[in-house]
Amino acid sequence: MPPPDPLHFCADALFDLAGRGLRRTLRTWIPTEGMRGTLDGRPAINFGSNDYLGLGRDPRLAAAARAAAEEAGGWGPAASRLLAGTTPWHNGLESDIARFKGTEGALFFPSGYMANLGTLTALSEAGSLICADALNHASLVDACRLSRAEVFVYPHRDMAALNARLADAQRRGTRRMIVTDSVFSMDGDLAPLPELVEIARRHDAALVVDDAHATGVFGRKGRGAAEHLGVADEIPVTLGTFSKAAASVGGFSAASATVVEFLIHRARPFIFTTAPPPALCAANRRALELFDGEPERRDRLWANQRGVVDELRGMGCRLTGTETPILPVLIGDEAAAVAVAEALLAAGCYVPAIRHPTVPRGSARLRISLSAAHTEEDLRTLFRAMQEFRGRGGSE
Ligand SMILES: Cc1ncc(COP(=O)(O)O)c(C=O)c1O
């Protein structure tokens, strides 16, 4: 008899996921031109990336990284930031982020996920209260879990529920924080930031906004959702990432000089990890320059967005949000969503099917995400493919 396998539950779980249409695979994307490439060898236009401004294939980011790697005399710093891992490139990037976001300071993390974990766990403690939108990104959900704070999850964008819970916490004298995405990445809608600013003020709560999908995308200068919604200088702590519109890597927390200094002492995912390479900082600085210097990229993105919203609406698609470059088309059933995504891929469009556990069971969807780099021909191909799916009776 073979010895018992203490890891047999892995195979059981995978078998179960397959049975429910939820088993995933890592597919290989090889870019060719613009938003085109191959997915596992099949030619496709990419409607599944976060490269909103089309910087993913911009040679200037790679050139900035190359130059910095040469100047720094190497690739990795081989030390954490608090030891010998802080270089002039890290300092320069943090100054640029602060200037861009209009804050006194900023702290750079190896990823947005780590920025979220580090910031939330540092700014809360056992006995404090975090109020979190029900549709917050998984990184914020995990951060709340790690924080040891009491977590109140309010229904999506439900300001009355949030207000009532904060009023109660204020009466009891509990330390309180509101945490929200600015763009909800699976529904493609926006947080009501002006109301949140107001409620946070009324109840003396810290407001922390994850601007991952809005940075570089929203606002005349691309500063993010707060600029777009007229509350640019009223968010005490903004979280962000270079993994979306900058098509790079690395996260940040932008806040007052005091909060940033506090994070340097308390944010464990900042303290107990190796500093990101100087070359990455240089590429990210270049991306911030391009956010500022090439607003026409945002214009193209939003023109594409308006065209696609009109077309999908005309086809009768059920969109969960129409305010952002993320346009989720609700399908419902998990297996059906996968089948439609496969049909779209066969027609030359990579549009991922988003399923449980990323979204609630029974609310599987196609998630179309748009870029300034999508050409008219790319969009026409998408419309033809979607029309065919609609023609075969697909809706929900
Ligand atoms: C809203 C949101 N926050 C944070 C992150 C994490 O960012 P990163 O990919 O840089 O870890 C993501 C996506 O990855 C996201 O969608």
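Look above for the structure.
Bear in mind the structure is a predicted one, so any value in this text is a computation, not a measurement.

The rules we used
Residues numbered from 1 in each chain as written. Predicted model: local features only at pLDDT ≥ 70, side-chain atom pairs only at ≥ 80, totals over all residues. Heavy atoms only, no water. Pairing = 2+ DSSP bridges. Helix = DSSP H or I, 4+ residues; strand = E, 2+ residues; numbered from the N terminus. Contact = heavy atoms within 4.5 Å. Axes fitted to C-alpha atoms, helices over the stretch in contact; angles between N-to-C directions. 1 Å grid on protein atoms, 1.4 Å probe; cavity = no way out; pocket = protein on both sides within 12 Å on 5 of 7 lines; lining within 4 Å. Points joined across faces, edges and corners; volume = space filled by probe spheres on them. Nonpolar A, V, L, I, M, F, W, Y, C, P; charged D, E, K, R; others polar. Buried < 20%, exposed > 50% of the residue type's maximum accessible area, 1.4 Å probe, protein only.

Let's talk about the sheet that holds strand S14 (residues 349–350)
Pairing is mixed across the open sheet formed by four strands, whose spatial order is S1-S2-S3-S14. Of all the strands in the sheet, the pair left with one neighbour each is strand S1 (29–31) and S14. Each of strand S2 (36–39), strand S3 (42–46) and S14 is contacted by helix H13 (residues 334–346), which is oriented at about 105° to S3, the strand it contacts most.

Some words on the environment of Ala-283
Along the chain, Ala-283 falls in helix H11 (residues 278–293). In this structure the C-alpha to C-alpha distance between Ala-283 and Thr-241, which are 42 residues apart in sequence, comes to 13 Å. In this structure Ala-283 touches Leu-61, Ala-64 and Ala-65, once residues within four positions along its chain are discounted.

Remarks on the layout of surface pockets
Taken as a whole, the largest pocket holds about 1300 Å³ of empty space. In terms of lining, the largest pocket is formed by 43 residues, of which the most central are Arg-24, Met-186, Ala-353, Ile-354 and Thr-358. Looking at the lining of the largest pocket, the elements that each hand over two or more residues are helix H5 (138–147), H13, S14 and strand S15 (353–354). The residue makeup of the lining of the largest pocket, split by class, is 21 nonpolar, 11 polar and 11 charged.

Some thoughts on unusual backbone geometry
Cis geometry is adopted by the peptide bond preceding Pro-357, which originates at His-356 and carries an omega value of 10°. Assignment of secondary structure puts Pro-357 in the loop between S15 and strand S16 (364–369). For Asp-40, which is not glycine, the phi torsion reads 50° and is therefore positive. Relative to the assigned elements, Asp-40 resides in the loop between S2 and S3. Since its relative accessible area comes to 48%, Asp-40 is described here as partly exposed. With phi around 50°, Asp-204 is a residue other than glycine that occupies positive phi space. Tracing the sequence through the fold places Asp-204 in the loop between helix H7 (193–202) and strand S10 (206–210). For Asp-204, a relative accessible area of 58% translates into the label exposed.

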